[in-house]
Amino acid sequence: GIQVEQSPPDLILQEGANSTLRCNFSDSVNNLQWFHQNPWGQLINLFYIPSGTKQNGRLSATTVATERYSLLYISSSQTTDSGVYFCAVSQAGTALIFGKGTTLSVSS
Amino acid sequence: DVKVTQSSRYLVKRTGEKVFLECVQDMDHENMFWYRQDPGLGLRLIYFSYDVKMKEKGDIPEGYSVSREKKERFSLILESASTNQTSMYLCASTGTGGSYEQYFGPGTRLTVT
């Protein structure tokens, strides 16, 4: 099956710093999503980005499908950005395959 | 906005009880999924359904069953709850044409004592 690897596993930042999270996947996919899991456990959709680049406020994401990786950029990080970030992929409406996540801690 | 709701945020049940977890989506999505999330094991697929009355086993179906009588509702059933089913349960849905974006409910944190 498809393998999804995220790096780094843990990231500690000071408020205001920028960061880049990476997701590598082992096969072609129709769907790639980035999620933020909040303290209550809910998965919040950040980006649906099977290819190309998108931006939403301080967050942006880029997927290079031909090279099988995606990047999530967080600029001017805030304490509320803390939590676990997941990358997940799927093919044509099938179940998502998740990476192990990146745990981000932002301190003031 | 797509909305996926789950019947309970927190649930405490006793060993041997029959447990029903309900999930409802309002976007006419064909595909619905149940995952569980455990520390160190990540998110794993229990069952999914691609149409009413249709279901497919995921990676860890043992001890679970599902029901999909209506398109918008997908139920997960623990026939006889056991302590190793203590977990976070997440329901999701997605369409099959155009966008494959998957949307998740808020989750149910189940404790079996």
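Residues numbered from 1 in each chain as written. Chains lettered and ligands numbered in written order. Predicted model: local features only at pLDDT ≥ 70, side-chain atom pairs only at ≥ 80, totals over all residues. Heavy atoms only, no water.

## Describing the overall build of chain B
The condition that has to hold: Helix and strand definitions here come from DSSP, where helices need a minimum of 4 consecutive H or I residues and strands a minimum of 2 consecutive E residues; each element is numbered from the N-terminal end. When we talk radius of gyration, it's over C-alpha atoms, and the globule rule is simply 2.2 Å times the number of residues to the 0.38. Only heavy atoms enter the contact rule, under which two residues are in contact if any of them lie within 4.5 Å.
A tally of helices and strands in chain B yields zero helices and 11 strands. Relative to a compact globule of 113 residues, whose C-alpha radius of gyration would be 13 Å, chain B shows 13 Å and is just as compact. The principal-axis extent of the C-alpha atoms belonging to chain B is close to 45 × 25 × 25 Å. In chain B, of all internal contacts separated by at least 6 residues, the share reaching a separation of at least 24 is 54%.

## Concerning the state of the cysteines
Residues and elements named next belong to chain A. So the rule is basically this: By disulfide we mean two sulfur atoms from cysteines, separated by a distance within 2.5 Å. Any residue under 20% of the maximum accessible area for its type is buried, any over 50% is exposed, and the rest in between are partly exposed; the area is computed with a 1.4 Å probe on protein chains only.
Taken as a whole and assessed by the stated rule, the structure comprises two disulfides over all chains. What pairs with Cys 23 in a disulfide is Cys 87, and their sulfur atoms sit 2.0 Å apart. Across the S-S bond of Cys 23 and Cys 87 the torsion is about -60°, and the bridge reads as left-handed. Placement of the pair is Cys 23 in strand 3 (residues 19–25) and Cys 87 in strand 9 (residues 83–90), with a sequence separation of 64 residues. For the residue pair Cys 23 and Cys 87, the accessibility class agrees, reading buried in each case.

## Structural notes on unusual backbone geometry
All names here are of chain A. With omega at -10°, the peptide bond leading from Ser 7 into Pro 8 counts as cis. Here Pro 8 is to be found in the loop between strand 1 (4–7) and strand 2 (10–14). Located in the positive-phi region is Arg 68, a residue other than glycine, with phi close to 60°. Turning to its location among the elements, Arg 68 is positioned in the loop between strand 7 (59–64) and strand 8 (69–74). For Ser 76, which is not a glycine, the phi torsion comes out positive at approximately 45°. Relative to the helices and strands, Ser 76 is located in the loop between strand 8 and strand 9.

## Describing the interface of chain A and chain B
Formally: Put simply, buried area is the surface a 1.4 Å probe can reach on two separate parts but cannot reach once they are joined, added for both. In protein, a polar contact requires one atom able to donate a hydrogen and another able to accept it; more generally it is a pair of N or O atoms within 3.5 Å, and residues adjacent in sequence count only if both atoms are side-chain atoms.
Tallying the contact residues gives 18 residues for chain A and 21 residues for chain B. Summed over both sides, the interface of chain A with chain B buries roughly 1,600 Å², with 56% coming from carbon and sulfur. Viewed at the interface, chain B and chain A are joined by seven residue pairs in polar contact (both at pLDDT 80 or more). Secondary structure elements with two or more residues in the side of chain A that touches chain B: strand 4 (31–37) and strand 5 (43–48) of chain A. For the side of chain A that touches chain B, the leading source of residues is strand 4 of chain A, giving four residues.

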